[in-house]
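# Structure assessment
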Amino acid sequence: MLLCSILLFIIWLIRGDLMRPRLISCPGEVVVGAQPGVQSAYVNWEEPVVVDDSGIVSLFGQTHFRGSWSVGTEETVNYNYGDPYGNHVHCNFNVRVITDSSPPTVFGCPSDDQTFVLYGGEIANVSWGEPFATDESTEISVHQTHRPGDTFPIGVTAVEYVFEDSAGNVASCRFNIRVNLLNDLSTAPDDGQNFHSALIIILVVAMVVLMLPTLFLNVSIFLSVKRSAETLSSTGNRLPTDCYYTRNWPQELPSFPRDTLSTTSGGYERPIDGPRGVVQAVPYAN
């Protein structure tokens, strides 16, 4: 048991001696704005976060400190951290102080009237997508009158976000939350009814899609017949004189003399100047 403890202690010493501290977070570029005519601005940033397996991390030095910096200053800040075994890790980031007269630019401001329906009760929990802002200065503070998930009474409530950069430039986002009370739940949207309506629409669309090939075929046949009729019309609707029209006429229908007819395949042949109703032309035969 003692031998195992000694081995574990040696392994711990080796690991602590070989592994340097780990940098968990290090600030990115810090840009601080000052109003025109102001010669300095207060510069602030988040301290780096460093951990080590030994549990002991020391700050061995830093090149710059938070505080008042002159406008136009641009410096690289360095933090040097180390563990008891001489292993070190560094955090480096840039800091700039500029003149800033532009307000932040706001993105994602909700529409002016957000409406919600309350089925009974007096208050409603309301949520929305929060707006955000960007600016030349990296430090922007946000002040807001309400937060998503807050409770709202029946009626209209104004919500406002105010974004302020480090130079004091301000931009805002305003919109209304409207809560309507619906006492009669029978008029509330029915999810089942919505499902059935959607299903009917899908079935109708599917039927239309399935019928399209048949519709196209019928149109093609119609156009073909129409072209044939136009061709016959352009030729005077007559065939050569050595042809007869053939059609399966019942014997009692023809109005011309019987001696001008001859039976052919259960039907009759008639001369070209006989009654209309042409289906097929066949060569004349005595």
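Residues numbered from 1 in each chain as written. Predicted model: local features only at pLDDT ≥ 70, side-chain atom pairs only at ≥ 80, totals over all residues. Heavy atoms only, no water.

So, on to the UniProt feature "transmembrane region" (unreviewed entry) in the protein chain. When the UniProt feature table is mapped onto this chain numbering, "transmembrane region" (unreviewed entry) sits at residues 198-223. Across residues 198-223 one finds 100% helix and 0% strand; the C-alpha atoms that close the span lie 37 Å apart. (UniProt positions renumbered as here; feature names shortened; annotations may be inferred. Helix = DSSP H or I, 4+ residues; strand = E, 2+ residues; numbered from the N terminus.)

What follows concerns the packing of aromatic side chains. As enumerated under the stated definition, the model contains nine aromatic pairs in all. Their ring planes at 90° and their centres at 6.2 Å tell us that Trp45 and Trp69 sit as a pair that is edge-to-face. In this pair, Trp45 sits in the loop between β3 (40-43) and β4 (49-51) while Trp69 sits in strand β6 (residues 67-70), placing the two residues 24 residues apart along the sequence. Residue Trp69 is classed as buried on the basis of its relative accessible area, which comes to 8%. Centroid distance Tyr79 to Tyr81: 6.1 Å. Interplanar angle 5°. Geometry classified as stacked. Since its relative accessible area comes to 0%, Tyr79 is described here as buried. Connected via pairs of aromatic rings, a cluster forms that spans Trp45, Trp69, Tyr79, Tyr81 and Phe93. (Phe/Tyr/Trp six-rings, centres within 6.5 Å; stacked < 30°, edge-to-face > 60°. Buried < 20%, exposed > 50% of the residue type's maximum accessible area, 1.4 Å probe, protein only.)

What follows concerns the state of the cysteines. Disulfides are covalent bonds that link the sulfur atoms of two cysteine residues. Evaluation of the coordinates by the stated rule reveals two disulfides. Across the disulfide, Cys26 is cross-linked to Cys91 (sulfur-sulfur distance 1.9 Å). Disulfide Cys26-Cys91: torsion about the S-S bond near 85°, hence right-handed. Of this pair, Cys26 sits in the loop between β1 (22-25) and β2 (30-34) while Cys91 sits in strand β8 (residues 88-99), placing them 65 residues apart in sequence. Residue Cys26 is classed as partly exposed on the basis of its relative accessible area of 31%. Linked covalently through their sulfurs, Cys109 and Cys173 form a disulfide whose S-S length is 2.0 Å. Disulfide Cys109 to Cys173: torsion about the S-S bond roughly 85°, handedness right-handed. One end of the pair, Cys109, is in the loop between β9 (105-107) and β10 (113-118); the other, Cys173, is in strand β16 (residues 170-181), with 64 residues separating them in the sequence. Exposure remark for Cys109: the relative accessible area of 36% places this residue in the partly exposed category. Overall, Cys173 belongs to the buried group, its relative accessible area being 1%. For the protein chain, the bonded cysteines connect in the pattern 1-2, 3-4 when numbered consecutively along the sequence. (Disulfide = S-S within 2.5 Å.)

Within the largest apolar cluster, 16 residues are counted, with the highest numbers of intra-cluster contacts made by Val43, Trp45, Phe93 and Val95. Those elements that provide at least two residues to this core are β2, β3, β7 (74-82) and β8. Broken down by element, the residue count for this core peaks at five residues, all from β8. With residues near it in sequence (within four places) discarded, Val43 still touches Val30, Val32, Arg66, Gly67, Trp69, Val95 and Val97. (Core = buried A, V, L, I, M, F, W, Y, C linked by side-chain atoms within 4.5 Å. Contact = heavy atoms within 4.5 Å.)

Now for the pattern of salt bridges. Under the defined criterion, the tally for this structure stands at four salt bridges. When the shortest N-O distance is used, the salt bridge between Asp53 and Arg22 registers 3.1 Å. With a gap of 31 residues between them, Asp53 in the loop between β4 and β5 (58-62) and Arg22 in strand β1 connect regions that are remote in the sequence. Take Asp53: its relative accessible area is 35%, and that puts it in the partly exposed class. The partner of Arg66 in a salt bridge is Glu47, and the shortest N-O contact between them spans 3.1 Å. Placement of the pair is Arg66 in the loop between β5 and β6 and Glu47 in the loop between β3 and β4, with a sequence separation of 19 residues. (Salt bridge = Lys/Arg side-chain N within 4 Å of Asp/Glu carboxyl O.)

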